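Reading the structure
Chain residues, written in single-letter form:
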Amino acid sequence: MSLDAQIDTLRTEITAAVAAASDQTQIEAVRVGALGKKGSVSALLATLGKMQPEERKSAGAAINGLKTEMAGLIEARAAELARAALDARLAAERVDVTLPVGTPPTAEGRIHPVSQVMDEITAIFSDMGFSIAEGPEIETDWYNFTALNFPEGHPAREMHDTFFMAPSADGVKRVLRTHTSPVQVRSMLKTNEKPAAPYLTPAVEPPIRVVCPGRTYRHDSDQTHTPMFHQVEGLVIDKTSHIGQLRWVLEEFFKAFFEIDDVTLRFRPSFFPFTEPSMEVDVQCDRSGPDVKIGQGSDWLEVLGCGMVHPNVLRNCGLDPDVYQGFAWGIGIDRLAMLKYGMNDLRAFFDADKRWLDHYGFRPLDLPTLFGGLSS
Ligand code: DAH
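Treat the numbers as computed from the prediction; the structure is a model and nothing was measured. (Residues numbered from 1 in each chain as written. Predicted model: local features only at pLDDT ≥ 70, side-chain atom pairs only at ≥ 80, totals over all residues. Heavy atoms only, no water.)

Quick word on the overall build of the protein chain
Helix and strand counts for the protein chain stand at 12 helices and 10 strands. Here the protein chain has a C-alpha radius of gyration of 42 Å; the compact-globule value for 376 residues is 21 Å, and the former is much larger. Seen through its principal axes, the protein chain has C-alpha atoms that stretch 125 × 55 × 40 Å. Residue burial in the protein chain is summarised as follows: out of 376 residues, 40% are buried. Put simply, of all contacts in the protein chain between residues at least 6 apart along the chain, 66% involve residues at least 24 apart. Across the protein chain, the mean location of the 37 positive side-chain charges is 7 Å away from that of the 51 negative side-chain charges. (Helix = DSSP H or I, 4+ residues; strand = E, 2+ residues; numbered from the N terminus. Rg over C-alpha atoms; globule rule 2.2 N^0.38 Å. Buried < 20%, exposed > 50% of the residue type's maximum accessible area, 1.4 Å probe, protein only. Contact = heavy atoms within 4.5 Å. Lys, Arg positive; Asp, Glu negative; His and termini not counted. Charge placed at Lys NZ, Arg CZ, Asp CG, Glu CD.)

This is the structure:
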């Protein structure tokens, strides 16, 4: 067959194959079959080597002409098929951006009212210059009672319905802490050791201003008592701390917490081993409607215990009561949550019922701050 005839045949064959290629793999196969190392056009080019120089000149031009022509043809078809493939993918993978967005966990989850109220309380006291302190829930008898001036065998120990831990190998008596007051002791003492004798133990240098929120335990269960509950303890120690300051701190706290402009507190004499004098505090409220309204009306509701820290407690913590004095208070957090957010059964707090939490819980990203609002 003459060279021209061979070129014509190849042109016809390759052009037909290009037209028949219907995807990117097929057109690539056509390219390799024609222009690849072992391709039909390449094979024809290889025959140039055996030709006479004169013949080679014209034949070379003709074959290379075919090569360029076929390469252009293949390239154009490949581009066309690539575009078609992209269009097909875009059509298949289309996303409808007008569909509603699914619910993210931050919108579904809820913060428990106890956590919310703890955050509110710590926000308020931090703003007044208090630091936050925490202590262990399994506490030694010494921290929970003895250091707080509950003498051994004193009936006040029985008031607490204590959960006692089984005796441990180290001989140290332990309890589930019945109140957050042991964190007072831990905040005054620099060491974790039980002091050997008063003043021999290094104490934290006053002024001390701490609030101590946390879990507490007592053997008790009814509508307003659960075996595990929460308290926040407050402690201020300095050379001249006095009851007037205690009163101011508590009034400011209740106004901020209940988000009201004014509130009247009533201080009644009481007894706690760790304070002298000791007081219970009632907050003014209105109970005529279905909800208790704090800061209005002429009723009273007991909300906390407080007093001037007993000299024995200061001594037990290595502080000289002739130099330092201070005040302390303890508030039930669950009680405050019930009052502020209108829940009437404490047991529901710990049922882990999602419907309850959906109703009473708080959005996780709405952190309580004094400037942004505590509960909004
Ligand atoms: N710890 C007491 C209780 O749980 C509450 C309390 C009363 C704490 C008076 C205090 C305080 O710090 O001064 O019943």
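Concerning the side chain of E139
Residue placement: E139 occurs in strand 2 (residues 138–140). Residues contacting E139, with those up to four places away along its chain left out, are N144, K173, R174, V175, R177, P182 and R186.

A look at the domain arrangement of the protein chain
Partitioning the protein chain into structural domains gives domain 1 (3–92) and domain 2 (111–360). When each unit is reduced to the centre of its C-alpha atoms, the spacing between domain 1 and domain 2 is 89 Å. (Domains from an automatic or database assignment.)

Remarks on helix 9 (residues 243–258)
The end-to-end C-alpha distance of helix 9, which contains 16 residues, comes to 22 Å, matching closely the 22 Å that a straight helix rising 1.5 Å per residue would cover. Here helix 9 has its buried residues at L246, V249, L250, F253, F254, F257 and F258. An end-on view of helix 9 places all buried positions within 135° of arc, on one side of the element. At the C-terminal side of helix 9, E259 shows a positive phi close to 55°. (Expected span 1.5 Å × (residues − 1). Arc of directions from axis to C-beta.)

Re the site of the ligand
Taken together, 15 residues form the shell around the ligand, and within it H179, S181, R218, Q231 and E233 come nearest. In the environment of the ligand, an oxygen atom lies 3.3 Å from a nitrogen or oxygen atom belonging to the backbone of W329. Under a 2 Å grid-point criterion requiring more than half of the atoms, the pocket assigned to the ligand is the largest pocket. Listing elements by their share of the shell around the ligand, those giving two or more residues are strand 5 (228–238), strand 9 (299–309) and strand 10 (325–332). Looking at side-chain class alone, the shell around the ligand contains five nonpolar, eight polar and two charged residues. (Near = heavy atom within 4 Å. Polar contact = N/O pair within 3.5 Å; in protein donor to acceptor, adjacent residues only side chain to side chain. 1 Å grid on protein atoms, 1.4 Å probe; cavity = no way out; pocket = protein on both sides within 12 Å on 5 of 7 lines; lining within 4 Å. Sits in = over half its atoms within 2 Å of the grid points. Nonpolar A, V, L, I, M, F, W, Y, C, P; charged D, E, K, R; others polar.)

Regarding the layout of surface pockets
By volume, the largest pocket is sized at about 900 Å³. Together, 39 residues line the largest pocket, and R218, F229, Q231, E302 and G332 are the ones closest to its centre. Going through the elements one at a time, strand 5, strand 6 (265–272), strand 7 (275–286), strand 9, strand 10 and helix 11 (333–341) are the ones with two or more residues in the lining of the largest pocket. Examining the composition of the lining of the largest pocket, we find that six residues originate from one element, strand 9, more than from any other. (Points joined across faces, edges and corners; volume = space filled by probe spheres on them.)

Observations concerning the pairing of strand 7
With 10 of 12 residues buried, strand 7 is to be regarded as a mostly interior element. Here strand 6 pairs with strand 7 via seven bridges, running antiparallel. Looking across to strand 7, one finds that R266 is bridged to D282. Where strand 6 folds back on strand 7, the antiparallel hairpin that results is connected by two residues. Judged from the nine bridges that link them, strand 7 and strand 9 form a sheet pairing that is antiparallel. Within strand 9, the position partnered with V281 by the bridge is L304. As judged from the two bridges shared by strand 7 and strand 8 (residues 293–294), these two strands associate in the antiparallel manner. Its bridge partner being in strand 8, C285 is matched across the sheet by I294. Hairpin connection from strand 7 to strand 8: six residues lie between these consecutive antiparallel strands. (Pairing = 2+ DSSP bridges.)

Some points on the packing of aromatic side chains
To describe a pair of aromatic rings, you give the distance between the ring centres and the angle between the ring planes. One pass over the structure, following the stated rule, counts 17 aromatic pairs. Ring centres of F125 and F130 lie 5.3 Å apart, and the angle between their planes is 75°; on these two criteria the pair is classed as edge-to-face. F130 carries the same exposure label as F125, and that label is buried. Aromatic ring contacts, followed pair by pair, group F125, F130, F253, F254, F257, F258, F327 and W329 into a single cluster. Residue placement shows R186 over the ring face of Y143; its charged tip is 3.9 Å from the ring centre. Looking at K340, its charged tip hangs above the ring of F257, at a distance of 4.6 Å from the centre. (Phe/Tyr/Trp six-rings, centres within 6.5 Å; stacked < 30°, edge-to-face > 60°. Lys NZ or Arg CZ within 6 Å of the ring centre and 35° of its normal.)

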